Amino acid sequence: MQALGRVFTDLNAATMASGPAPYGLIEDAAIAVVDGQTAWVGRAAELPVEYADLARVSLEGRLVTPSLIDCHTHIVHGGHRAEEFEMRLNGASYEEVARAGGGIISTVKATRAASVEELVAQALPRVDAMLAEGVSVIEVKSGYGLDRETELNMLRAARALSGHRPIRVVTSFLGAHAVPDNYKGRAEDYIENVCIPTLKEAHLKGLVDAVDAFCEGIAFLPDQLVPLFDAAKEMGLPIKVHAEQLSNLGGAKLAASYGALSADHIEYLDQDGVDAMASAGTVAVILPGAFYTLRETQAPPIEQLREAGVPMALATDCNPGSAPMTSLLLAMNMGCTLFRMTPEESLQGVTVHAARALGLTDCGQIARGLRADLAVWNATHPAELSYRIGFNPLHTRISGGNP
């Protein structure tokens, strides 16, 4: 059978492959796609003869990158917290907001009250916003159920999203997001009686790709997470962690000891944590949206991560409380402006390093044998994607070689 393919021409390709050229940039490039995969990328003048008869598609001088990857989101949830946002700006304290039914508990209530279909319907507009900015892969966490059935329903809803939109979904079980009211003061019991049994069921039903946890004084201490991480390891599930966002409890170092895919937030990460992540190959996921929304002042240790060779990913952290943001392009700009990441690091953070943070090896770069998921931009240089604020230069997405 004849292979199905085409050649995209008249483009500049930011392949994100490592090498001497920043961004892996190839000017005056062509990309040959066969059966949904990149078969060849290089200078157009050097196109191999075996692809000469494929249909040509001119991209009229535009910039092409791998399609973007949002590797940390909470987009499946019920309700919103706009009233809480307004209360805080009108002077209410966190305690006053909580007493009025705000905070994570309000999201838990709304999520528990929603059906799987309702959770999907509420998430789709957020997915659409991401698609419109060239995103092809999203990670979706549970964590707003804090009980067996709702946690499973969140994962079911996340899995269902790809049936409604051309998006690839990776799921993370975040049952250890907070201690529910009925287990206050008994975090260990909650892990043993709710989290681990629910994780096992989710794993058996094929609903979960990784295990996440919030390691912080307002959530779970490192020792309390050991049984959960041990259970994940026994099931062969990779580990991620929210850590060092508000204080330094050593959560990233703990996760690195399990070979974690990523440690996320990490504003208070110390040098021991950096070194542990570097040794384990754990990705640092930088989340400037939450830093901005919470008006934090402690920035993540970008220079130490850079010096240690820790790969840095960027994500929206889209959630109803601390980061009600769906724009990955804005996260890229924030990473540069707030944290002094370079535009190249920023683009790596939403492509090749984001893929690594999810354990994906078939995307994140434009390279032979990888999925031909591409973003075509009305831009001439990759730095433009981080440079502009509130402007979307996407021309089109190419999914599996199909515009």
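The rules behind the values
- Residues numbered from 1 in each chain as written.
- Predicted model: local features only at pLDDT ≥ 70, side-chain atom pairs only at ≥ 80, totals over all residues.
- Heavy atoms only, no water.
- UniProt positions renumbered as here; feature names shortened; annotations may be inferred.
- Helix = DSSP H or I, 4+ residues; strand = E, 2+ residues; numbered from the N terminus.
- Buried < 20%, exposed > 50% of the residue type's maximum accessible area, 1.4 Å probe, protein only.
- Contact = heavy atoms within 4.5 Å.
- Pairing = 2+ DSSP bridges.
- Axes fitted to C-alpha atoms, helices over the stretch in contact; angles between N-to-C directions.
- Expected span 1.5 Å × (residues − 1).
- Bend = angle between axes of the 7 residues up to and from the residue.
- Phe/Tyr/Trp six-rings, centres within 6.5 Å; stacked < 30°, edge-to-face > 60°.

An unreviewed UniProt entry lists the protein under the name Imidazolonepropionase, with Ruegeria haliotis given as the organism. What UniProt states about the protein under its Sequence similarities (unreviewed entry) heading is, verbatim, "Belongs to the metallo-dependent hydrolases superfamily. HutI family." Under the UniProt heading Catalytic activity (unreviewed entry), the entry covering the protein gives this text: "4-imidazolone-5-propanoate + H2O = N-formimidoyl-L-glutamate".

Caption draft 1: Focus on the UniProt feature "binding site: N-formimidoyl-L-glutamate" (unreviewed entry) in the protein. Those residues carrying the UniProt feature "binding site: N-formimidoyl-L-glutamate" (unreviewed entry) are Tyr-144, Asn-319 and Gly-321 in this numbering. Spanning 178 residues, the named residues form one tight spatial group whose C-alpha atoms are at most 11.4 Å apart. Topologically, Tyr-144 is positioned in the loop between β6 (135-141) and α5 (148-161). Of the residues examined, Tyr-144 reaches a relative accessible area of 3% and is grouped as buried. With respect to the helices and strands, the residue Gly-321 is situated in the loop between β12 (312-314) and α12 (328-339).

Caption draft 2: Just the environment of Ala-232, in detail. Along the polypeptide, Ala-232 turns up in helix α7 (residues 222-235). We classify Ala-232 as buried; its relative accessible area is 0%. Separated by 20 residues in sequence, Ala-232 and Asp-212 have C-alpha atoms that sit 9.6 Å apart. Among all residues touching Ala-232, those that are not within four sequence positions of it are Leu-199, Val-211, Leu-237 and Ile-239.

Caption draft 3: Up close: the sheet that holds β12. With parallel pairing, 8 strands are arranged side by side in an open sheet as β5-β6-β7-β8-β9-β10-β11-β12. Bordering the open sheet on either side are β5 (68-70) and β12, each of which pairs with just one other strand. Direction aside, the axes of adjacent strands within the sheet are offset by 25° on average. Across 3 bridges, the pairing between strand β10 (residues 262-265) and strand β11 (residues 283-286) is parallel. The residue bridging Ala-263 from the neighbouring strand is Ala-284, located in β11.

Caption draft 4: Quick peek at helix α6 (residues 187-204). For α6, which comprises 18 residues, the first-to-last C-alpha distance of 24 Å matches the rise-based estimate of 26 Å (1.5 Å per residue) to within 8%. A bend of about 30° at Cys-195 is the largest found in α6, and the proline Pro-197 appears one to four places after it. If you check which residues of α6 are buried, you get Ala-187, Tyr-190, Ile-191, Val-194, Cys-195, Ile-196, Thr-198, Leu-199, Glu-201 and Ala-202. Where α6 is buried, its residues contact α5, β7 (168-176), β8 (210-215) and α7. Positioned one or two residues after α6, Gly-206 has a phi angle of 70°, which is positive.

Caption draft 5: Main features of the side chain of Asn-153. Within the element layout of this structure, Asn-153 appears in helix α5. Judged by relative accessible area, Asn-153 falls into the buried class, the value being 15%.

Caption draft 6: The arrangement of the packing of aromatic side chains in detail. One pass over the full model with this rule turns up 4 aromatic pairs. Judged by centre distance (6.1 Å) and plane angle (20°), the rings of Tyr-190 and Phe-220 are stacked. Of this pair, Tyr-190 sits in helix α6 while Phe-220 sits in the loop between β8 and α7, and the two are 30 residues apart along the sequence. The pair formed by Tyr-190 and Phe-220 is uniform in burial state, with each residue classed as buried. For the ring pair Phe-291 and Phe-339, a centre distance of 4.9 Å and an interplane angle of 75° mean the geometry is edge-to-face.

Caption draft 7: Representation of the sheet that holds strand β2 (residues 25-34) in the model. With mixed pairing, 6 strands are arranged side by side in an open sheet as β3-β2-β1-β4-β13-β14. In this open sheet, the two strands that pair with only one neighbour each are β3 (37-43) and β14 (394-398). Pairs of neighbouring strands in the sheet enclose a mean axial angle of 40°, with direction left out of account. Pairing geometry for β2 and β3, over 6 bridges, is antiparallel. Each bridged residue has a counterpart across the sheet, and for Ala-30 the counterpart in β3 is Gly-42.

Caption draft 8: Up close: the pairing of strand β13 (residues 374-377). Burial along β13 is two-sided: Leu-374 and Val-376 and Ala-375 and Trp-377, pointing in opposite directions, are all buried. Here 4 bridges tie strand β4 (residues 55-66) to β13, and the two strands are oriented antiparallel to one another. Looking at the pairing, Thr-65 lines up with Ala-375 of β13. As defined by bridge partners, β13 adjoins β14 across 4 bridges and the pair is classed as antiparallel.

Caption draft 9: Molecular detail of the environment of Gln-348. On the secondary structure map, Gln-348 appears in helix α13 (residues 343-349). Taking C-alpha positions, Gln-348 is 7.0 Å from Ala-313, a pair spaced 35 residues apart along the chain. Not counting chain neighbours up to four residues away, the residues in contact with Gln-348 comprise Met-16, His-353 and Ala-354.

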